[in-house]
Amino acid sequence: MSDNREHERPFDRAEVENAFGAYLRLGVQSMDWDAWTDLFTEDAIYVDQHLGASHGRTEIKSFVVNTMGEFPALTAWIEWAMIDGNYIAIYAWNNLPDPRGEDARYGFPNTTFLEYAGSGMFKWEADYYNVYDSGRVIGSWVKAGGSRTTEQDRLLKGIEGWSRALPTTECSRHELLREFTEHCRCAALGMTTGHWARWIDQFTVD
């Protein structure tokens, strides 16, 4: 992800939307992971918070196709998505159907960030999720009888009210980036020294 976002030339909004539409169509809707990974540039970077980074389309394709092939019953439901210039943020739920047919819930949320590169392609993706929660969900699903032969359930969604609605703000991008940089600096200071007062003071009373 580029560090100097304010000086980047944003692509036309309609172009980014069309590329994102293809991203959703090949991934979330048809789950054609081989074709989906072709939406990444040759030098793209794909980061899984816990499984590491894949560099280049070939490496990304191998990682995604092999990983998703382990769980053909897995489906995704997009709770919200937001486009900001060349960047896209997605909050989605990864769902697995109850192998016992008893409507037990097996799902965990995931946040994804994308950077659009032009020509209908993306050059960066990063996925963030709670690895302990995902491990618990998948382990429970397998224990309940889930396997590669379990059929998908495309009607599965997320937990209603789990994620807060997207906030609206009148703050400028410059202010947001400045304060986020300070937030990260205070977090790093807390991890280094064990003193978290400055980081905590950045939150409102409520």
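Higher on the page you've got the structure.
(A) Layout of the packing of aromatic side chains. If you walk through the whole model with that rule in mind, you get 17 aromatic pairs. Taking the centre distance of 5.3 Å and the plane angle of 85° together, the rings of Trp 33 and Trp 36 count as edge-to-face. You can see Trp 33 and its partner Trp 36 sitting in helix α2 (residues 33-36), 3 residues apart, about one turn around the helix. Across this residue pair, the class does not change: Trp 33 and Trp 36 are buried. Each ring, one from Phe 113 and one from Tyr 128, has its centre 6.0 Å from the other, and the planes form 65°; the classification is edge-to-face. Here Phe 113, found in strand β5 (residues 106-118), pairs with Tyr 128, found in strand β6 (residues 121-128); they are 15 residues apart in sequence, far enough to count as distant.

(B) Focus on the nonpolar core. Residues Tyr 23, Trp 36, Phe 40, Val 64, Ile 88 and Phe 122 are the most contacted members of the largest nonpolar core, which totals 33 residues. Broken down by secondary-structure element, the contributors of at least two residues to this core are α1 (13-29), α2, β1 (40-48), α3 (57-69), β4 (87-96), β5 and α4 (131-143). Among the elements that make up this core, the one with the highest residue count is α1 (6 residues). The residues contacting Val 64, other than those within four sequence positions of it, are Trp 33, Trp 36, Thr 37, Tyr 46 and Gly 69.

The rules behind the values
Residues numbered from 1 in each chain as written. Predicted model: local features only at pLDDT ≥ 70, side-chain atom pairs only at ≥ 80, totals over all residues. Heavy atoms only, no water. Phe/Tyr/Trp six-rings, centres within 6.5 Å; stacked < 30°, edge-to-face > 60°. Helix = DSSP H or I, 4+ residues; strand = E, 2+ residues; numbered from the N terminus. Buried < 20%, exposed > 50% of the residue type's maximum accessible area, 1.4 Å probe, protein only. Core = buried A, V, L, I, M, F, W, Y, C linked by side-chain atoms within 4.5 Å. Contact = heavy atoms within 4.5 Å.

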